[in-house]
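Below are the chains, spelled out letter by letter.
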Amino acid sequence: MPAIVLLGAQWGDEGKGKATDLLGDKVKYVVRYQGGNNAGHTVVIGDQKYALHLLPSGILTPSCIPVIGNGVVIDPAVLLEEIRGLNERGVDTSNLKISTNAHLITPYHRTIDKVSERFLGKAKIGTTGRGIGPAYADKINRIGIRVQDLFDPSILRQKIEGALRDKNQVLIKVFNRKGIEVDEVLREYLEYAEILRPYVVDTSLLLNQALAKGENVLLEGSQGTLLDVDHGTYPFVTSSNPTAGGASTGSGIGPTKISRVIGIVKAYTTRVGSGPFPTELFDEDGEKLRSIGGEVGVTTGRARRCGWYDAPIARYAVRVNGLTDFFLTKLDVLTGWEKIPVCVAYEIDGKRVEELPASQSDFHHAKPIYEYLPGWSEDITKAKKLSDLPTNAQNYVKFLEEISGAPMSAIGVGPGRDQTIVVKEFI
Ligand code: IMP
């Protein structure tokens, strides 16, 4: 079995950590291919809860080799803190592999992220403030710093100097902030070099050699389809490509090696930060979803915006990612509603629209058209197979599958590792 991609089909936070972790036992490599410590996976193993931001969730599966691919932006301070935290809890991280080509987040990226958001005022994106956008901007602008630069002190100095030449002007003259000292950044980053060295390899070569040997590779997306810089609700997006194409670019694995693309989709919808969200709820149902679903950001602690399932979004995710399967998560959160609305299409300027509109302005005033499905009140958290679910819950799943355009191959009925109904094995 070649490479499999696992990614968020909505705006992130769909419960990918649980899905990756479930597959972790069957794959040799778990690879992150984009994003940085803006992500947040929560993985529950037994009575232990782990919140991961930068490390692939496969780090918690001893048989698995976790990889941070070239498409990721790494804040070394955060990475080392995460490694230290896991080691303290007895998790071995010595297997970790980091790409020589991954870019680094530096203190000036974090500062610029925060000050530029403040400057945008009401028009702010609602970033996580972790320096992600500015680090990717430098990468595209060809003034970024890569992991491999850490091992060549004179190149590292030149690159930091080059990047700070403009940035300090902007920080001081536009944003009225203090400039950042080259030497300070250099000193800090050279210290990281020695600690990170044992982990750093050519991850593209490693992964392609593994595939050639017939080993399984899982490519794990962060954020979600609608936060993709190309296919998402731009500009209210992250600065990378969580969609399936990004899995190839961000790992150095060719698209012909990818056999399956699994979209994680929540049984309802959430998003963090600004931007359009047609099924968003501002009433007590929204509050209820938030509190039952524990919809608070793992990374930022921000309350997530909540709404009903949006089928046009799911169909869009199938289209732009070529999804072969869905992994439906958090079905248990919907227990207790008499009727569950599902958005099947939008009304835009008096017309029924089945697909996500091509124009962002239209999407901003798309109104959901709902169908109402009968709910259930039975506890479903112990269900092991589809037939264990109450009929109305089974029908809800079937309905979502029909209107979303790909099979619901796994269904999450609780946060625990074993609280998943596997309809069709992924591997
Ligand atoms: P950035 O990735 O920090 O630049 O933030 C850009 C947008 O992506 C903001 O709306 C964030 O709230 C959102 N975002 C970034 N990471 C995540 C995530 O892991 N889950 C959900 N939203 C995210």
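Definitions and cut-offs
- Residues numbered from 1 in each chain as written.
- Predicted model: local features only at pLDDT ≥ 70, side-chain atom pairs only at ≥ 80, totals over all residues.
- Heavy atoms only, no water.
- Near = heavy atom within 4 Å.
- Polar contact = N/O pair within 3.5 Å; in protein donor to acceptor, adjacent residues only side chain to side chain.
- Areas by Shrake-Rupley, 256 points an atom, 1.4 Å probe, with all protein chains shown as cover.
- Nonpolar A, V, L, I, M, F, W, Y, C, P; charged D, E, K, R; others polar.
- Domains from an automatic or database assignment.
- Axes fitted to C-alpha atoms, helices over the stretch in contact; angles between N-to-C directions.
- Helix = DSSP H or I, 4+ residues; strand = E, 2+ residues; numbered from the N terminus.
- Parallel < 35°, antiparallel > 145°, perpendicular 65-115°, else oblique.
- Left-handed = near helix turned anticlockwise from the far one by under 90°.
- Contact = heavy atoms within 4.5 Å.
- Buried < 20%, exposed > 50% of the residue type's maximum accessible area, 1.4 Å probe, protein only.
- Pairing = 2+ DSSP bridges.
- Expected span 1.5 Å × (residues − 1).
- Bend = angle between axes of the 7 residues up to and from the residue.
- Buried area = accessible area lost by both parts, 1.4 Å probe.
- Salt bridge = Lys/Arg side-chain N within 4 Å of Asp/Glu carboxyl O.
- Patch = residues over 30% accessible without salt bridge, like charges linked within 9 Å, V, L, I, M, F, W, Y side chains within 5 Å.
- Phe/Tyr/Trp six-rings, centres within 6.5 Å; stacked < 30°, edge-to-face > 60°.
- Lys NZ or Arg CZ within 6 Å of the ring centre and 35° of its normal.
- Lys, Arg positive; Asp, Glu negative; His and termini not counted.
- Charge placed at Lys NZ, Arg CZ, Asp CG, Glu CD.

Remarks on the site of the ligand
Then, number 1: Neighbouring residues of the ligand: 16 residues in total, closest Asp13, Asn38, Thr128, Thr238 and Arg302.
Then, number 2: One of the side-chain nitrogen or oxygen atoms of asparagine 38 is found 2.8 Å away from an oxygen atom of the ligand.
Then, number 3: Within the side chain of arginine 302, an N or O atom sits 3.0 Å from an oxygen atom of the ligand.
Then, number 4: The fraction of the free accessible surface of the ligand (470 Å²) that becomes covered by protein chains is 97%.
Then, number 5: Broken down by class, the residue content of the shell around the ligand amounts to six nonpolar, eight polar and two charged.
Then, number 6: Taken domain by domain, the shell around the ligand gets at least three of its residues from each of domain 1 (1-98 + 214-427) and domain 2 (103-195).

Re the packing of helix H5 (residues 153-174) against helix H6 (residues 182-196)
Then, number 1: At their nearest, the axes of H5 and H6 sit 10 Å apart, and the two run at 140° to each other. Comparing the axis directions of H5 and H6 gives the class oblique. Between H5 and H6 lies a crossing whose hand is right-handed. Seen from H5, the contacting residues are Pro153, Leu156, Arg157, Ile160, Glu161 and Leu164; seen from H6, they are Val182, Asp183, Val185, Leu186, Tyr189 and Leu190.
Then, number 2: Residue classes in the contact of H5 with H6 are distributed as nine nonpolar, no polar and three charged.

Here's the deal with the pairing of strand E2 (residues 29-32)
Then, number 1: On E2, burial covers both faces: Tyr29 and Val31 on one face and Val30 and Arg32 on the other are all buried.
Then, number 2: Sheet analysis places E2 next to strand E5 (residues 65-68), joined by four bridges and oriented parallel. Bridge pairing in E5 links valine 30 to proline 66.
Then, number 3: Across four bridges, E2 lies against strand E10 (residues 217-220) in parallel orientation. The partner of arginine 32 across the bridge, within E10, is glutamate 220.

Some points on H5
Then, number 1: If you check H5, its first and last C-alpha atoms are 30 Å apart, about what 22 residues at 1.5 Å a residue would give, namely 32 Å.
Then, number 2: Along H5, the sharpest change in direction is near 35° and occurs at leucine 164.
Then, number 3: Within H5, burial applies to Leu156, Ile160, Ala163, Leu164, Lys167, Asn168 and Leu171.
Then, number 4: The inward-facing, buried residues of H5 abut helix H3 (107-120), helix H4 (132-140) and H6.

Notes on the pairing of strand E1 (residues 3-8)
Then, number 1: The buried fraction of E1 is high, at six of six residues.
Then, number 2: Pairing geometry for E1 and strand E11 (residues 258-266), over six bridges, is parallel. Bridge pairing links isoleucine 4 to arginine 260 in E11.
Then, number 3: Examined bridge by bridge, E1 and E10 share four bridges and lie parallel to one another. For isoleucine 4, the partnering residue across the bridge sits in E10 and is leucine 218.

Section: the sheet that holds E5
Then, number 1: Strand order across the open sheet formed by ten strands is E9-E7-E5-E2-E10-E1-E11-E15-E19-E20, with mixed pairing between neighbours. On the outer flanks of this sheet lie strand E9 (200-201) and strand E20 (420-422), each paired with one strand and no other.
Then, number 2: In the sheet, E5 pairs with strand E7 (residues 97-99) via two bridges, with the strands oriented parallel. For valine 67, the partnering residue across the bridge sits in E7 and is lysine 97.
Then, number 3: Packed on one face of the sheet, helix H12 (residues 391-404) meets strand E15 (325-329) and strand E19 (408-412) and runs near 135° to E19.

Topic: the domain arrangement of the protein
Where the parts come together, the accessible area they lose is often given as the size of the interface.
Then, number 1: By domain assignment, the protein separates into domain 1 (1-98 + 214-427) and domain 2 (103-195).
Then, number 2: Of note, the centres of domain 1 and domain 2, computed from C-alpha atoms alone, are 30 Å apart.
Then, number 3: Counting residues at the interface gives 26 residues for domain 1 and 20 residues for domain 2.
Then, number 4: For the pairing of domain 1 and domain 2, the buried interface totals around 1800 Å² over both sides, and the portion due to carbon and sulfur atoms is 59%.
Then, number 5: For the pair domain 1 and domain 2, the number of links is one salt bridge.
Then, number 6: Note that aspartate 75 is salt-bridged to arginine 110, the shortest N-O span being 2.6 Å.

Things to note about a nonpolar patch on the surface
Then, number 1: Among the surface-exposed residues, Phe119, Val170 and Val174 lie close enough to one another that they form a single nonpolar patch of about 280 Å² accessible area.
Then, number 2: What makes valine 170 partly exposed here is its relative accessible area of 37%.

Concerning the packing of aromatic side chains
Then, number 1: All told, the structure shown has eight aromatic pairs when counted by the stated rule.
Then, number 2: Aromatic pair phenylalanine 327 and phenylalanine 426: ring centres 6.1 Å apart, planes at 20°, arrangement stacked. Taken as a pair, phenylalanine 327 in strand E15 and phenylalanine 426 in the segment after E20 lie far apart in primary sequence, 99 residues in all. Assigned by exposure class, phenylalanine 327 and phenylalanine 426 land together as buried.
Then, number 3: For the cation-ring pair, lysine 288 lies above tryptophan 337, with the distance from its terminal atom to the ring centre recorded as 4.1 Å.

Here's the deal with a positive patch on the surface
Then, number 1: There is a patch of like positive charges on the surface, built from Lys114, Arg118, Arg177 and Lys178.
Then, number 2: Here arginine 118 shows up in helix H3.
Then, number 3: Accessibility expressed as a relative area gives 57% for arginine 118, which makes it exposed.

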